[in-house]
Every structure is written in structure tokens, then in C-alpha cells.
Amino acid sequence: MSSEPLVVWIDQELCTGDGLCVQYARPVFEMDLDGLAYVKDAGDELLVEPGAKTVVPVDLVKDVIASAKECPGKCIHVERASDFVEVAGPLA
Ligand code: SF4
């Protein structure tokens, strides 16, 4: 895995609400009141727009990629920030 900047987004349509992603990377993922997972920005702000993208903090790249691999809903998409090619997730 290269160290180039990555972004991550969640397809809320497929989220099962189990919260696994939050266990992997609490600074990046959070469950909202609707019981689905959303990403947060660098300022810890929850991005409630479905499919919103956020930058993956360098120190959490491994955890976020692991969450994409383990996500039961197969709905976490990790992409290269430069061209949005998926590097982990259902389309990778
Ligand atoms: S791991 Fe996947 S299915 Fe589970 S809460 Fe997170 S995004 Fe939703």
C-alpha cells in the first residue's frame, strides 16, 4: 500500500448498522441517530450527507482499510484522493 492520500466514504444504503467500522477507526466513523455509519471530517464533524467523502488520517490508513475489508455491508469505499480509484472496498 502506498502512502498517497486516501479518502473514504460509506454507502449508507447498504450499511447494516453493526458499528464495526467505529471500533476500527473512531476518529473517522460514527453512528448517527438513524443507526447508520457516517464519516467525520478532520474537525470531528459528522458528515451526514449520504456518501460524503473524508480524508483518511495517515495514522489510521491501516485501520480504515481493515474496516473496509471487514465491513459486513461491504459498503466502505477507500479511494485514492488523486483519482478516486478504489483501493479497498467492494470495488477494489
Ligand atoms: S462496518 Fe459497514 S455495515 Fe457496519 S456500521 Fe460500519 S459501514 Fe455500516
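Scope of this entry: the structure provided in the associated data block. (Residues numbered from 1 in each chain as written. Predicted model: local features only at pLDDT ≥ 70, side-chain atom pairs only at ≥ 80, totals over all residues. Heavy atoms only, no water.)

1. Thoughts on the site of the ligand
Part 1: With respect to spatial proximity, 14 residues lie near the ligand, and among them Cys15, Asp18, Gly19, Cys21 and Cys71 are the closest.
Part 2: Classifying every residue of the shell around the ligand gives nine nonpolar, four polar and one charged. (Near = heavy atom within 4 Å. Nonpolar A, V, L, I, M, F, W, Y, C, P; charged D, E, K, R; others polar.)

2. Section: the environment of glutamate 4
Part 1: For glutamate 4, the position within the fold is in the segment before strand E1 (6–10).
Part 2: Of the residues examined, glutamate 4 reaches a relative accessible area of 32% and is grouped as partly exposed.
Part 3: Residues glutamate 4 and valine 58 lie 54 residues apart in sequence; the distance between their C-alpha atoms is 9.1 Å.
Part 4: Setting aside its immediate chain neighbours within four residues, glutamate 4 contacts Arg80 and Ser82. (Helix = DSSP H or I, 4+ residues; strand = E, 2+ residues; numbered from the N terminus. Buried < 20%, exposed > 50% of the residue type's maximum accessible area, 1.4 Å probe, protein only. Contact = heavy atoms within 4.5 Å.)

3. Things to note about the nonpolar core
Part 1: Counting 22 residues, the largest nonpolar core has Val8, Ile10, Val28, Phe29, Val64, Ile76 and Val78 as its most contacted members.
Part 2: Broken down by secondary-structure element, the contributors of at least two residues to this core are E1, helix H1 (20–24), strand E3 (37–39), helix H2 (61–70) and strand E5 (76–80).
Part 3: With four residues, H2 is the largest single contributor of residues to this core.
Part 4: With residues up to four places along the chain from it excluded, the contact list for valine 28 reads Val8, Tyr38, Val39, Lys40, Thr54, Pro57, Leu60 and Val64. (Core = buried A, V, L, I, M, F, W, Y, C linked by side-chain atoms within 4.5 Å.)

None of the figures reported here should be taken as evidence of function without further support.
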